[in-house]
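Each chain, written out:
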Amino acid sequence: MQKERTVIITDLHGCYDECLELLKKLEFDKSKDRLINLGDTIDRGPKIYEVFTFLRLLKEEMGDRCILLRGNHEQMMLDATAGSRADMELWNYNSGEKTKFAFINHKHQIKEYRDWYEAMPYYYEDEEGRFIGVHACLHVEDPEKNSVETMVWGRETNYIGRLILTGHTPYRMPLYFYGDEPYHAILEDEWGKLPKKGMIALDTGCVYGNRLTGMVVEGSNFIVRSVPSTVVR
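Here the structure is a predicted model, which means the values were calculated and not measured. (Residues numbered from 1 in each chain as written. Predicted model: local features only at pLDDT ≥ 70, side-chain atom pairs only at ≥ 80, totals over all residues. Heavy atoms only, no water.)

Draft legend 1. Here's a closer look at the overall build of the protein. The helix and strand inventory of the protein stands at seven helices and twelve strands. In terms of overall dimensions, the protein is globule-like: its C-alpha atoms have a radius of gyration of 17 Å, near the 17 Å expected for 233 residues. Burial analysis of the protein (233 residues in total) assigns 53% to the buried set. Contacts spanning at least 24 positions in sequence make up 68% of the contacts within the protein whose residues lie at least 6 apart. (Helix = DSSP H or I, 4+ residues; strand = E, 2+ residues; numbered from the N terminus. Rg over C-alpha atoms; globule rule 2.2 N^0.38 Å. Buried < 20%, exposed > 50% of the residue type's maximum accessible area, 1.4 Å probe, protein only. Contact = heavy atoms within 4.5 Å.)

Below, the structure written as structure tokens:
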């Protein structure tokens, strides 16, 4: 009997074509797999609305097997569309206008979907206790004891608790961190044992012209794969 597969992606930022290519490369099966997106679906990239409609449909089809976490860009949008001028300026500075125009060009306004984005949780704890998914980082192992600021904006890499899978900070390749020890690059297309503790960073800056990286977890093993960006900088 095949073990349940969990597919993890992150920081799509409107990179719709790369998302489809990566899921194909990861052999994603929406009828069986669990999908986790670690946040930052909007802003910056070329096909923001297409990413939204794709994930929205997947969530409808997959239900609880599709986990869409909240990143700092979703948080900025929610704060901005709640009515604060300062929050709107911050979101616009971080490419919020591109998201607004993407929805307007499809005869919608993003604020129509605030409830959908508001439903995105800040973290996900794997049912088998293998990892915690969070957009940015954790300071302590219990997600409930971390601030929202930490979970969506933090950039610390000296975490030593139960394994977390993160996005947010773009690196040239996926990296593994554990406390103050030297970080390690994670080789692609090679199965390995899932670490018990530490942090795996999966954002490889697709929207900045590098690559989109994803991960598959089966039992206690994992593999990472990526596809090149088509974004012209």
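Still more ground to cover, so stick around.
Draft legend 2. How the structure looks around the packing of aromatic side chains. Counted by the stated rule, this structure contains eleven aromatic pairs. The interplanar angle of 75 degrees and the centroid separation of 6.1 Å between the aromatic rings of Y16 and F54 together place this pair among those described as edge-to-face. Remark: F54 occurs in helix 2 (residues 48-62) and Y16 occurs in helix 1 (residues 16-25); sequence separation between them is 38 residues. Considering the side-chain rings of F52 and F103, the 5.1 Å spacing of their centres and the 50 degrees angle between planes classify their relative orientation as tilted. Here F52 is found in helix 2, whereas its partner F103 is found in helix 5 (residues 96-104), with 51 residues between them in sequence. Across the pair, F103 and F52 agree in class, each one buried. By way of ring pairs, the aromatic residues Y49, F52, F103, Y113, W116 and Y117 are connected into one cluster. (Phe/Tyr/Trp six-rings, centres within 6.5 Å; stacked < 30°, edge-to-face > 60°.)

Draft legend 3. Representation of the pattern of salt bridges. What the rule picks out here adds up to 13 salt bridges. Among the salt bridges present, the one from E4 reaches R34, with a minimum N-O distance of 3.8 Å. Pair noted here: E4 is in the segment before strand 1 (5-9) and R34 is in strand 2 (residues 34-37), with a separation of 30 residues, a long-range link. The class of R34 is buried, set by a relative accessible area of 8%. Ionic pairing is found between E127 and R34, a salt bridge with its closest N-O pair at 3.7 Å. With E127 in the loop between strand 4 (123-125) and strand 5 (132-134) and R34 in strand 2, this residue pair connects regions lying 93 residues apart in the sequence. Each of E4, R34 and E127 takes part in one network of salt bridges that share partners. (Salt bridge = Lys/Arg side-chain N within 4 Å of Asp/Glu carboxyl O.)

Draft legend 4. Representation of the sheet that holds strand 2 in the model. The strand order across the open sheet built from six strands is 3-2-1-11-12-9, with neighbouring strands paired in mixed fashion. Each having just a single partner strand, strand 3 (66-68) and strand 9 (192-193) make up the two edges of the open sheet. Bridge analysis of strand 2 against strand 3 gives three bridges, and the strand direction is parallel. Of the residues in strand 3, the one forming a bridge with I36 is I67. Along the sheet face, helix 1 touches strand 1, strand 2, strand 11 (211-218) and strand 12 (221-228) and points at about 145 degrees away from the line of strand 12. Sheet strands in contact with helix 2 are strand 2 and strand 3, and its direction is about 140 degrees off that of strand 3. (Pairing = 2+ DSSP bridges. Axes fitted to C-alpha atoms, helices over the stretch in contact; angles between N-to-C directions.)

Draft legend 5. Layout of unusual backbone geometry. Of note in this structure, H13 is not a glycine but carries a positive phi near 45 degrees. Here H13 lies in the loop between strand 1 and helix 1. In this structure, D189 is a non-glycine residue whose phi angle is positive, near 60 degrees. Tracing the sequence through the fold places D189 in the loop between strand 8 (184-185) and strand 9. Exposure remark for D189: the relative accessible area of 41% places this residue in the partly exposed category.

Draft legend 6. Quick look at the sheet that holds strand 6 (residues 164-166). The strand order across the open sheet built from six strands is 4-5-6-10-7-8, with neighbouring strands paired in mixed fashion. Both outer strands of the open sheet, strand 4 and strand 8, are each paired with one neighbouring strand and no more. Bridge count between strand 6 and strand 10 (residues 199-201): three bridges; the pairing is parallel. Considered in strand 10, the bridge of L165 is made with I200.

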